[in-house]
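Here is what each chain is made of, one letter per residue.
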Amino acid sequence: MLHHLEIYVSNLSKSIELWDWFLTELGYEPYQKWDSGISWKHGETYLVFVQTEERFLNVPYHRSRVGLNHLAFHAVSREQVNQITLQLKEKGINILYQDKHPYAGGDAHYAVFFEDPDRIKVELVAPL
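The residue numbers shown here count from 1 along each chain, following its written sequence. Totals for whole chains, interfaces and linings use every residue, but because this is a predicted model, local features are given only for residues with pLDDT of at least 70 and side-chain atom pairs only at 80 or more, for both listing and counting. Each side-chain value is derived from all of the structure's non-hydrogen atoms; neither hydrogens nor water enter the calculation.

Draft legend 1. Local environment of the nonpolar core. Formed by 29 residues in total, the largest nonpolar core has its most connected members in Trp19, Phe22, Leu23, Phe49, Phe73, Leu88 and Leu124. Among the elements that make up this core, the one with the highest residue count is helix 1 (residues 12-25) (6 residues). Apart from the residues lying within four places of it in its own chain, the contact partners of Leu124 are Phe22, Leu26, Phe73, His74, Ala75, Gln80, Val81, Ile84, Tyr110, Ala111 and Val112. Within this scheme, the nonpolar core is defined by two criteria: the residues are buried Ala, Val, Leu, Ile, Met, Phe, Trp, Tyr or Cys, and they are joined through side-chain atoms within 4.5 Å. Each residue is placed in one exposure class: buried if its accessible area under a 1.4 Å probe, protein chains only, is under 20% of its type's maximum, exposed if it is over 50%, and partly exposed if it falls in between. The helix count covers DSSP runs of H or I at least four residues long, the strand count covers runs of E at least two residues long, and both are numbered beginning at the N terminus. We call two residues in contact when some of their heavy atoms are within 4.5 Å.

Structure (structure tokens):
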């Protein structure tokens, strides 16, 4: 079981804007907060976002490099995927694979894929 995941971000305030909304929609609750970071917790697992130091910002994140490719979350239903998709569009957040949405992951995989402010791919998947 995953204990926590810590992600360094290029702009903490922009990241908080997206992740606070999204994680709250999924039932996460604020957990920790300090000058350069914040976390949300669901059950025993928490997600941490930390402001990257200026000296490390010269190489941006790319999901095709070594390291994290994407984060996938459970939705409670297809309706929740649809609701989140509408809200993402209203917020002007880039939805990936729009030509295949909501089946970009395959015929039996109902999900929305989008990017956070650092272009980290995020997936919300409905149960089968």
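From this point on, the discussion continues.
Draft legend 2. Inspection of the packing of helix 1 against helix 2 (residues 78-90) at higher detail. A fitted line through C-alpha atoms represents every axis, and for helices the fit uses only the stretch in contact; the resulting angles, taken between N-to-C directions, go from 0 to 180 degrees. Close contact between helix 1 and helix 2 brings their axes to 12 Å; oriented N to C, the two are set at 160 degrees. In terms of orientation, helix 1 lies roughly antiparallel with respect to helix 2. For the pair helix 1 and helix 2, the crossing hand works out as right-handed. Taken together, the residues of helix 2 that come into contact with helix 1 (itself represented by Trp21, Phe22 and Glu25) are Gln80, Gln83, Ile84, Gln87 and Leu88. Class assignment for the residues of the contact of helix 1 with helix 2 results in 4 nonpolar, 3 polar and 1 charged. In these notes the angle categories are as follows: under 35 degrees is roughly parallel, over 145 is roughly antiparallel, 65 to 115 is roughly perpendicular, and the rest is oblique. A clockwise turn of the near helix away from the far one marks a right-handed crossing, whereas an anticlockwise turn of less than a right angle marks a left-handed crossing. The classification used treats Ala, Val, Leu, Ile, Met, Phe, Trp, Tyr, Cys and Pro as nonpolar, Asp, Glu, Lys and Arg as charged, and all other residues, Gly among them, as polar.

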